[in-house]
Amino acid sequence: MSQFLQSFKLHEVGYLIWETERPVMRDARSRFDLSVYSCWEEEDEDPAGFAVTMDRIETDADKARYEAAWNYLIENCDTVEQILRAELLAHHELGWSGFQSDRTEDTDGWEEIRDLVDWDSPAAIDSLYGLYEISIGPEIRDDCAVLTFYFASSWDTEHGVEISLHRDSVE
């Protein structure tokens with residue numbers, strides 16, 4: 001068994017989990033709750049709380065495909081992060097546009113956060129999204145599993161955002 005597979009432990013619910021460091025989006029944190037416009041408190045997100053998960057896998061071929069997905073991510077972190085940032089930026093632009101159309105100058109809390117984030121900048125996503133989990137599989141394309149990245153989102157604190165990638169292709 002590879003070092004990669006040995007890193008996972010069986011979770012009580014039945015899937016495999018590995019607590020590790022974020023390979024991408026390391027400094028991004030979901031800092032605000034913008035889903036309810038009157039709630040502007042910063043969230044206390046645990047930067048160490050990060051998991052890689054996957055279903056239990058039985059065949060050696062599937063194990064190799066799951067590991068290939070992780071290896072692709074590690075070897076192409078910069079490319080993968082650029083793709084994730086582009087997807088999150090599109091999500092942010094939709095949220096910001098809706099917020100701007102709903103907001104008035106006297107919207108509760110606006111004056112407290114107006115200058116905390118450069119709202120029109122691509123860098124805004126570092127204050128509005130936080131990667132908290134990567135799930136490997138169960139979908140497999142050719143010789144590589146699909147990775148799903150789960151983000152806490154200041155625009156939708158209840159549901160967040162998920163982005164699935166097969167190598168460098170958004171699924």
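The paragraphs below set out a description of the structure included in this document. (Residues numbered from 1 in each chain as written. Predicted model: local features only at pLDDT ≥ 70, side-chain atom pairs only at ≥ 80, totals over all residues. Heavy atoms only, no water.)

1. Focus on the overall build of the chain
So, step 1. A count of helical and extended segments in the chain gives five helices and seven strands.
So, step 2. Across the chain, every contact between residues at least 6 apart in sequence was considered, and the portion connecting residues at least 24 apart equals 67%.
So, step 3. Of the accessible surface of the chain, which amounts to about 9,300 Å², a share of 45% is contributed by carbon and sulfur atoms. (Helix = DSSP H or I, 4+ residues; strand = E, 2+ residues; numbered from the N terminus. Contact = heavy atoms within 4.5 Å. Areas by Shrake-Rupley, 256 points an atom, 1.4 Å probe, with all protein chains shown as cover.)

2. Things to note about the packing of aromatic side chains
So, step 1. Under the counting rule described, the total for this entry stands at eight aromatic pairs.
So, step 2. For the pair Trp119 and Trp155, a centre-to-centre distance of 6.4 Å together with 65° between the ring planes defines the contact as edge-to-face. Of this pair, Trp119 sits in the loop between α4 (110–113) and α5 (125–128) while Trp155 sits in the loop between β5 (144–153) and β6 (161–166), and the two are 36 residues apart along the sequence.
So, step 3. In this structure an aromatic cluster arises from ring pairing among Phe4, Phe8, Trp18 and Trp70. (Phe/Tyr/Trp six-rings, centres within 6.5 Å; stacked < 30°, edge-to-face > 60°.)

3. Considering the environment of Ala51
So, step 1. Turning to its location among the elements, Ala51 is positioned in strand β3 (residues 51–54).
So, step 2. The spacing of Ala51 and Leu131 is 80 residues in sequence and 9.6 Å in space, taken between C-alpha atoms.
So, step 3. Not counting residues within four places of it along the chain, the set of residues in contact with Ala51 comprises Ile17, Trp18, Glu19, Tyr132, Glu133 and Ile134.

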